Amino acid sequence: MSELAVQGKEIRIQQKDARQFVGAANLAQVYEAVLSQCSGNQTYVTVDPDMTQWEGIARRLVSLCQSNSRVILEGPPALTRRFDVTKLRNDLGVRLDSRNEMEQALAWLAQSHS
């Protein structure tokens, strides 16, 4: 995606396609909480409770790369499934937020291709 943005080419994204991401620092935070609460025999879904749309990622890369690329939404809207992370919050008191690390990753991608 970042290569397409740098080259000024169209970026095609399926409508409404999104994921729940997690940053490395968030994973460390969960690991620390599991160890400190002796929850080693439990399973936790460790992702951001919020969905990040690929369209937003593409548009941010276009902006960061100062590109003329167009983001084109294709096909029917994607069926997104959201993972339930309430157990993580209720048991460990952890609420993840991947926005900061996502922004850093996108900035790094844009810089690495310029």
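For the structure, see preceding data.
Below you will find a few notes about this structure. (Residues numbered from 1 in each chain as written. Predicted model: local features only at pLDDT ≥ 70, side-chain atom pairs only at ≥ 80, totals over all residues. Heavy atoms only, no water.)

For the coordinates displayed, the defined rule picks out eight salt bridges. One salt bridge connects R70 with E10, and the closest N-O pair in it is separated by 3.9 Å. Pair noted here: R70 is in the loop between α3 (54-64) and β4 (71-74) and E10 is in the loop between α1 (2-7) and β1 (11-14), with a separation of 60 residues, a long-range link. According to the relative accessible area criterion, R70 is exposed, its value standing at 52%. Overall, the relative accessible area of 36% leaves E10 in the partly exposed class. Among the salt bridges present, the one from R19 reaches D17, with a minimum N-O distance of 2.6 Å. Where salt bridges share partners, they join E10, R12, R70 and E74 into one cluster. (Salt bridge = Lys/Arg side-chain N within 4 Å of Asp/Glu carboxyl O. Helix = DSSP H or I, 4+ residues; strand = E, 2+ residues; numbered from the N terminus. Buried < 20%, exposed > 50% of the residue type's maximum accessible area, 1.4 Å probe, protein only.)

Its place among the elements puts R81 in the loop between β4 and α4 (86-92). Exposure remark for R81: the relative accessible area of 66% places this residue in the exposed category. Spatially, the C-alpha atom of R81 lies 10.0 Å from that of D17, the residues being 64 residues apart in sequence. In contact with R81, other than residues within four places in its own chain, are Q20 and M51. (Contact = heavy atoms within 4.5 Å.)

This part takes up α3. E55, I57, A58, L61 and V62 are the residues of α3 that are buried. Seen along its axis, α3 keeps its buried residues to an arc of 165°; they face one direction. Residues of α3 that are buried in the fold lie against α1, β1, β3 (52-53), β4 and α5 (99-112). Phi turns positive, to about 50°, at Q66, one or two residues after α3. (Arc of directions from axis to C-beta.)

With respect to the helices, strands and loops of the structure, S112 is situated in helix α5. For S112, a relative accessible area of 39% gives the class partly exposed. Placed 38 residues apart in sequence, S112 and E74 show a C-alpha to C-alpha distance of 28 Å. Within the structure, S112 has its side chain in polar contact with the backbone oxygen of L109 (distance 2.9 Å). (Polar contact = N/O pair within 3.5 Å; in protein donor to acceptor, adjacent residues only side chain to side chain.)

Across the interface, α3 lies against α5 with an axial gap of 9 Å and an inter-helix angle of 45°. With respect to α5, the element α3 is oriented oblique. Read as a crossing pair, α3 and α5 show a hand that is right-handed. Residues I57, R60, L61 and L64 of α3 form the contact with α5, whose own contacting residues are M102, E103, L106, A107, L109 and A110. Among the residues making up the contact of α3 with α5, the classes are represented as eight nonpolar, no polar and two charged. (Axes fitted to C-alpha atoms, helices over the stretch in contact; angles between N-to-C directions. Parallel < 35°, antiparallel > 145°, perpendicular 65-115°, else oblique. Left-handed = near helix turned anticlockwise from the far one by under 90°. Nonpolar A, V, L, I, M, F, W, Y, C, P; charged D, E, K, R; others polar.)

Nothing here speaks to function; it is geometry throughout.
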